[in-house]
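# Geometric and topological summary
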Amino acid sequence: MKSYLELCFSVLYWVLIAPFTGRMFKVSHIFRQMVHIGVRALPMVSLTAFSIGLTLAMQAAHELKRMGASIYVPDLVSVSLLRELGPVLIAVIVIGRSGSAVTAELGTMKVSEEIEALNVMAINPIRFLIVPRVIAMMVMLPALTIFGNYVGIFGGWTICHYALNMTTSGYILRAIQSSHPWDLYSGLVKSLVFAWLVITIACDTGLKVEGGAEGVGEATTNSVVYSLLSMLVANATLTAIFFFAA
Amino acid sequence: MSDETPIIEVTDLVRKFGERAVLKGISFKVFKGDTMIIMGGSGCGKSTLLRHINGAMKPTSGSIKIFGEEITTMNERDLARIRRRYGMLFQSGALLQSLTVGENVALPVTEHGKLDDDIVDLMVKMKLEMVGLTGFENLKPAEISGGMKKRVGLARALALDPELLFSDEPTSGLDPIMTAVVDKLTQDLTQRLGMTAVVVTHDMTSAFRIGSKMIMLGAGPRQGTIIASGTPDEMRNSPNPEVQQFIRGEADGPVPLKLSKDDYINRLLGTPRPVEKGRH
């Protein structure tokens, strides 16, 4: 826990304070990490979001049809995606795909003396390795979430259009009218918090790896487990805050 | 030996991992232009000693001065300033797998200076040529052999033209010709350019070829202490049988090959007990 907090503070230092003292992190590394963490997760995110949108619409249609309220299906799909399912499910995908990869990569670098080599070359590993990953995650997870929301709403549209005979314009109109900007913003606030938790936990467990391949495997499992747990706790807490504050 | 300040001065260095002392009071000095060889059997604490001198580990007690400055109590920023003045070759090469060979060699230059890409490219080519790897810039470390990785590691260690070079087993895994190339390079750098080198090695041919000073760490009960030190000639003529056994590479000697049967059984079973007959 102590090492985790130290890591968080030193990341904040290198992002917020050090650039003003002339010790800038490498911007090109951030883009490289954005590709690794974000862009390469797109297919997986799309597939998940689409199937969730589709399933949501089917489940909602099944219940609402009996009450003759099929018209509310788009409302339900868009609001539940924006507020809850979008941020949480996309975070789950990113934890499983990108968080674990970051831990495994850093862990391997640790056991093969690469981190020590950086230290000996007077290159700070936090600045060189961790900061680009943190910034990339903080940008890409919200971006993926917005993207996932769209794809999910598109998934809902396929059901509404082909099974419930709704017009495309009718679907879009209802989906937009029923949701408020705050639904989107609250989802994005969540995904920013998740991004910070996921990437700092992934980096911390990666940097703490001891021993060989076994240590890397164990750390990767721990990274996924701790990220998932803390993400779910943070989600419940944030939802409660939004619920009682609104 | 002169009155000048030593490049490295280690005094009474002690390091314990829990109860177990790995280094038990090591003291030595390295002067400018010297090539100090640290030798000793596997697990005698050579790498640990090197890790303390380069600041990666902090000692339990004792002092380490590099370029006349005490590094054991130094903060990260000052240590970084000292570290820019030396290069280190790791046993495995420790290249960053995500970068190409060229980017690895360029890393210290691009991180610590603002030079044009053209000049950096030129420097990378020069350094790679020094270690006999011209034209390998664009390969990834995973695509080259272990010996090549080590030579790239050496090129990287030399990227900033350091005053001091640490090498952890620079010639293990190299063929005899490449060993000679690396040895010649170290000799040129120390003798012509006044660089200082600290080399940890098992390779006696290479050690006697490049070394100007040697220390040997002990094994067994004398583990973690310096059992012999001196010039290569003094070491070759050392009366210490452990040194002789090590230099000549003999299987049996003061460091025993095998224990007696009783000792073996005692160690295996933990407590001394009579040997039972009729059982294997």
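Note: the structure precedes this text.
Report follows, based on the coordinates. Because the structure is predicted, anything quoted here is derived from the model rather than measured. (Residues numbered from 1 in each chain as written. Chains lettered and ligands numbered in written order. Predicted model: local features only at pLDDT ≥ 70, side-chain atom pairs only at ≥ 80, totals over all residues. Heavy atoms only, no water.)

### Topic: the overall build of chain B
The line we're drawing: Numbering of helices and strands runs from the N terminus; a helix is a DSSP stretch of H or I covering at least four residues, while a strand is a stretch of E covering at least two. Each residue is assigned to one of three classes by its accessible area relative to the maximum for its type, calculated with a 1.4 Å probe on protein chains only: buried under 20%, partly exposed between the two thresholds, exposed over 50%. Residue contacts are defined here by distance: any two heavy atoms, one from each residue, within 4.5 Å place the two residues in contact. Surface accessibility follows the Shrake-Rupley procedure with a 1.4 Å probe radius. Residue values consider only the protein chains on display as shielding. We count Lys and Arg on the positive side and Asp and Glu on the negative side, and we leave His and both chain ends out. We put the charge of a Lys on NZ, of an Arg on CZ, of an Asp on CG and of a Glu on CD.
Across its full length, chain B holds 10 helices and 10 strands. Overall size of chain B, expressed as C-alpha extent along the three principal axes, is 75 × 45 × 35 Å. Burial status across chain B gives 49% buried among its 280 residues. The contacts in chain B between residues at least 6 apart in sequence include a share of 63% that link residues at least 24 apart. Of the roughly 14100 Å² of accessible surface on chain B, 52% is carried by carbon and sulfur atoms. The distance from the centre of the 36 positive side-chain charges to the centre of the 35 negative ones in chain B is 6 Å.

### Some words on the packing of aromatic side chains
Residues and elements named next belong to chain A. The following threshold applies: The criterion for an aromatic pair is that two Phe, Tyr or Trp rings (for Trp, the six-membered ring) have centres within 6.5 Å, with stacked assigned to planes under 30 degrees apart, edge-to-face to planes over 60 apart and tilted to the rest.
Summed over the entire model, instances satisfying the criterion amount to seven aromatic pairs over all chains. The interplanar angle of 45 degrees and the centroid separation of 5.6 Å between the aromatic rings of phenylalanine 50 and phenylalanine 154 together place this pair among those described as tilted. With phenylalanine 50 in helix α3 (residues 42-66) and phenylalanine 154 in helix α6 (residues 125-162), the pair connects residues that are 104 residues apart, well separated along the chain. For phenylalanine 50, a relative accessible area of 27% translates into the label partly exposed. For phenylalanine 154, a relative accessible area of 44% translates into the label partly exposed. Here phenylalanine 154 and tryptophan 157 contribute two aromatic rings whose centre-to-centre distance is 5.5 Å and whose plane-to-plane angle is 15 degrees, an arrangement assigned as stacked. On the criterion of helical spacing, the pair formed by phenylalanine 154 and tryptophan 157 is a turn pair, its members being three residues apart in helix α6. The exposure class of tryptophan 157 is buried, given its relative accessible area of 17%. Members of the aromatic cluster, connected to one another through ring pairs, are Phe50, Phe154, Trp157 and Tyr162.

### Side note on the sheet that holds strand β3 (residues 35-39) of chain B
Residues and elements named next belong to chain B. Where we set the bar: Between any two strands, at least two bridges found by DSSP are needed for them to pair. Fitted lines through C-alpha atoms give the axes, limited to the stretch in contact for helices. The angle between two N-to-C directions lies from 0 to 180 degrees.
If you trace the six strands from one edge of the open sheet to the other, you get β6-β7-β8-β3-β9-β10, paired in mixed fashion. Of all the strands in the sheet, just β6 (86-89) and β10 (226-230) have a single pairing partner and so form its edges. Across the sheet, the mean angle from the axis of one strand to that of its neighbour is 10 degrees, orientation sign disregarded. Bridging between strand β9 (residues 213-217) and β10 involves four bridges; their strand directions are antiparallel. Across the sheet, residue methionine 216 finds its bridge partner in β10, namely alanine 228.

### Some thoughts on the side chain of serine 178 of chain A
All names here are of chain A. Worth spelling out the cut-off: For the purposes of these results, a polar contact is taken to be a pair of N or O atoms within 3.5 Å, where, inside protein, one atom must be able to donate a hydrogen and its partner to accept one; residues adjacent in sequence count only when each atom of the pair is a side-chain atom.
The topology assignment puts serine 178 in helix α7 (residues 168-178). Reaching out from serine 178, the side chain makes a polar contact with the backbone oxygen of alanine 175 at a distance of 3.3 Å. Excluding anything up to four places from it in sequence, serine 178 contacts Asp75, Ser78, Val79 and Asp183.

### Section: the nonpolar core
In plain terms, the rule: Within this scheme, the nonpolar core is defined by two criteria: the residues are buried Ala, Val, Leu, Ile, Met, Phe, Trp, Tyr or Cys, and they are joined through side-chain atoms within 4.5 Å.
Counting 85 residues, the largest nonpolar core has Ile130 of chain A together with Phe166 of chain B as its most contacted members. For this core, the leading source of residues is α6 of chain A, giving 12 residues.

### As for the interface of chain A and chain B
Often, the extent of an interface is quoted as the loss of accessible area on bringing the components together. Note the threshold: Take the accessible area each of two parts loses on contact, using a 1.4 Å probe, and add the two losses: that sum is the buried area. In what follows, salt bridge is the name for a side-chain nitrogen of Lys or Arg lying within 4 Å of a carboxyl oxygen of Asp or Glu. Ten residue types, Ala, Val, Leu, Ile, Met, Phe, Trp, Tyr, Cys and Pro, are classed as nonpolar, four, Asp, Glu, Lys and Arg, as charged, and the remainder, Gly among them, as polar.
Across the boundary between the two partners, chain A contributes 19 residues, which contact 25 residues of chain B. Carbon and sulfur atoms make up 53% of the surface buried where chain A meets chain B, a total of about 1800 Å² over both sides. Among the residues chain A hides against chain B, the three largest losses belong to Glu113, Val120 and Met121 of chain A. Together they make up 31% of the total. Summed over the shared surface of chain A and chain B, the result is four salt bridges. The salt bridge involving arginine 51 of chain B is made with glutamate 116 of chain A; its shortest N-O contact spans 2.9 Å. Seen at the junction of chain A and chain B, the total is eight residue pairs in polar contact (both at pLDDT 80 or more). Breaking the side of chain A that touches chain B down by element, the ones donating at least two residues are α4 (73-111), α5 (114-120) and α6 of chain A. Sorting elements by how many residues they give to the side of chain A that touches chain B places α5 of chain A first, with six residues. Here the side of chain A that touches chain B is composed, by residue class, of nine nonpolar, two polar and eight charged.

Interpretation in functional terms is not warranted from these geometric data alone.
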